[in-house]
Amino acid sequence: MKITLAKTAGFCFGVNRAVNTVYELLDNNKKVCTLGPIIHNPQLVDELEKRGVRIVQQPLETKDDEMLVIRSHGVPRSTIEQVESAKINYVDATCPFVSKIHKIVSEASLNGNSILIAGDSKHSEVIGIVGNATTPVYTFSDENELSELLKTHPNLTQSNVTVVSQTTFNEKIFKKCCIFLKKVCTNAIVFDTICNATALRQQEADKLARVNDLMVVIGGKHSSNTSKLYSVCKASCDRTFLIETADELKAEWFKDVQNVGVVAGASTPARIIKEAIKTMSEIVKPVDEQVEELNTVQKSFDEMTDEEAFEASLNNLTSDQKVVGIVLAVTPTEVQVDFGRGLTGYISADEYSFDSNVNLVEEVKVGDELNLIIMRINDQEGTAMLSKRRYDAIAGWDKIVAAKEKEVMQI
Ligand code: F3S
């Protein structure tokens, strides 16, 4: 039996950063409490509890000698104001990608726009986003809910509306919602704020689920991105199982199975993934090469700094996927490039920029050099679909992090 572990399995950059923040404070002998569990992984939360980390539900529960850590999901603006006015010592470990959504939403509110959020209204990240808006905010989880929302609030179709997505939102559903929105809401400004790490993870899960007989998804049962991975895998592979730890694996699942794909949520520690792979290998024997690969990859990831994690995210794309394209032609809907592989490359307006209103003809000139990611190759047609937006999202991490680190230093 062959076990294939997703390259994207395990901590994402934002979670790695938040968890490292807590460990660094502990290593510096600080007393730490977190506003809610630092990640949706009970095993890691238990481990931190053993080192004295308390979970508080309200900032005012922070003791005088404690440092409060705000987790990667982010919080409403009012929470930060409460922390600051109570002079609580704190570190804001909000993921820079989530902070970016807060910024989009608060600026849109200042311009008087209503806000639409694609996401789960009960999820902490969405609650934080809502709390950074000062104009009316509405959430929807799919095209049907969006359609119902617009029926009950017909004024939205005529007014200025800014649309964002929860970072872990399903990419395909978001695209469908955007197509629908563009037809009915003529003044909608759409920002695709799905995190690149999430999109890559979901794409890889989809790919693995299509070619494996059985899929194992490892992650917290209350983790939003793990549940989404489960639905993505289940859609193409009926034998998909979600586990939190290795001891939930059952030998009967693997009967007559030739190929197993393994994916893991953004808040799943490498140690738990390793244990699950080891257990599967013991169930099915013989142990295969993927275990060796996992030992190397995950061991080094555990020890990574933020910068290394960023590099690893970029490297995960493999050098085959990152290319430089020279612009050959520009139309209002797409850019054509030569990227040196005997294929014609195309970048749609959607994949060029986060800004749905980008004017390609004004912005791009023939001869410009663009850093790009290959999304899809069609060998028969000799074409490739490329993305500048996704490259920028990853490459922009270091700048966002540097800016964010500056803020943290001022606390
Ligand atoms: Fe941040 Fe993306 Fe992870 S938004 S917390 S890097 S899934």
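Model, not experiment: these values are computed from the prediction.

About the thresholds
Residue numbers here run from 1 along each chain, matching the order of that chain's written sequence. Local features in this predicted model are restricted to residues whose pLDDT is 70 or higher, and side-chain atom pairs enter the listing and the counts only when it is 80 or higher, whereas totals over whole chains, interfaces and linings include all residues. Where side-chain values are given, they derive from all heavy atoms of the structure, hydrogens and water being excluded. Where helices and strands are cited, they refer to DSSP runs of H or I of at least four residues and of E of at least two residues respectively, numbered from the N terminus. Partly exposed residues are those whose accessible area sits between 20% and 50% of the maximum for their type, while under 20% is buried and over 50% is exposed, using a 1.4 Å probe and protein chains only. By the criterion applied in these results, polar contacts are pairs of N or O atoms within 3.5 Å in which, for protein atoms, one can donate a hydrogen and the other can accept it, and in which residues neighboring in sequence qualify only through two side-chain atoms. Note on definitions: angles span 0 to 180 degrees between N-to-C directions of axes, and those axes are lines fitted to C-alpha atoms, for helices only across the stretch in contact. Each angle receives one of four descriptions, namely roughly parallel if under 35 degrees, roughly antiparallel if over 145, roughly perpendicular if within 65 to 115, and oblique otherwise. By definition, any crossing whose near helix is turned counterclockwise from its far helix by less than a right angle is left-handed, and any crossing with a clockwise turn is right-handed. Contact criterion: two residues are considered in contact whenever any of their non-hydrogen atoms come within 4.5 Å of each other. Only Asp, Glu, Lys and Arg are considered charged in this grouping, and only Ala, Val, Leu, Ile, Met, Phe, Trp, Tyr, Cys and Pro are considered nonpolar; every other residue, Gly among them, is considered polar. For two strands to be treated as a pair, DSSP must find at least two bridges joining them. Crossover handedness is defined by viewing with both strands directed away from the observer: a clockwise path from the first strand over the helix to the second marks the crossover as right-handed.

**A few points about the side chain of Asp-92**
Phase 1: Its location among the elements puts Asp-92 in strand 5 (residues 90–92).
Phase 2: Residue classification places Asp-92 among the buried residues on the basis of a relative accessible area of 14%.
Phase 3: A polar contact of 2.4 Å, which involves the side chain of Asp-92, links it to the side chain of Thr-94.

**Looking at the packing of helix 8 (residues 196–211) against helix 9 (residues 224–236)**
Phase 1: Where helix 8 contacts helix 9, the two axes come as close as 8 Å, and the packing angle between them is 30°. Comparing the axis directions of helix 8 and helix 9 gives the class roughly parallel. Like other packed secondary-structure pairs, helix 8 and helix 9 cross with a definite hand, here right-handed. The segment helix 8 lies against helix 9, with Arg-201, Gln-202, Ala-205, Asp-206, Ala-209 and Arg-210 engaging Asn-225, Lys-228, Leu-229, Val-232, Cys-233 and Ser-236.
Phase 2: A breakdown of the residues in the contact of helix 8 with helix 9 according to their chemical character gives 5 nonpolar, 3 polar and 4 charged.

**Concerning the pairing of strand 6 (residues 114–118)**
Phase 1: In terms of residue burial, strand 6 counts as a mostly covered element, since 5 of its 5 residues are buried.
Phase 2: What you see with strand 6 is no split at all: Ser-114, Leu-116 and Ala-118 on one side and Ile-115 and Ile-117 on the other are buried throughout.
Phase 3: Summarising the sheet, strand 6 and strand 8 (residues 161–165) pair through 5 bridges and their orientation is parallel. Bridge pairing links Ile-117 to Val-164 in strand 8.
Phase 4: By the bridge criterion, 4 bridges tie strand 6 to strand 7 (residues 137–140) in an arrangement that is parallel. Note that in strand 7 the partner of Ala-118 across the bridge is Phe-140.
Phase 5: With helix 5 (residues 124–130) bridging strand 6 and the parallel strand 7, this β-α-β connection has right-handed handedness.

**So, the environment of Ser-227**
Phase 1: Position of Ser-227 relative to the elements: it lies in helix 9.
Phase 2: For the pair Ser-227 and Leu-242, spaced 15 residues apart in sequence, the C-alpha to C-alpha distance is 8.3 Å.

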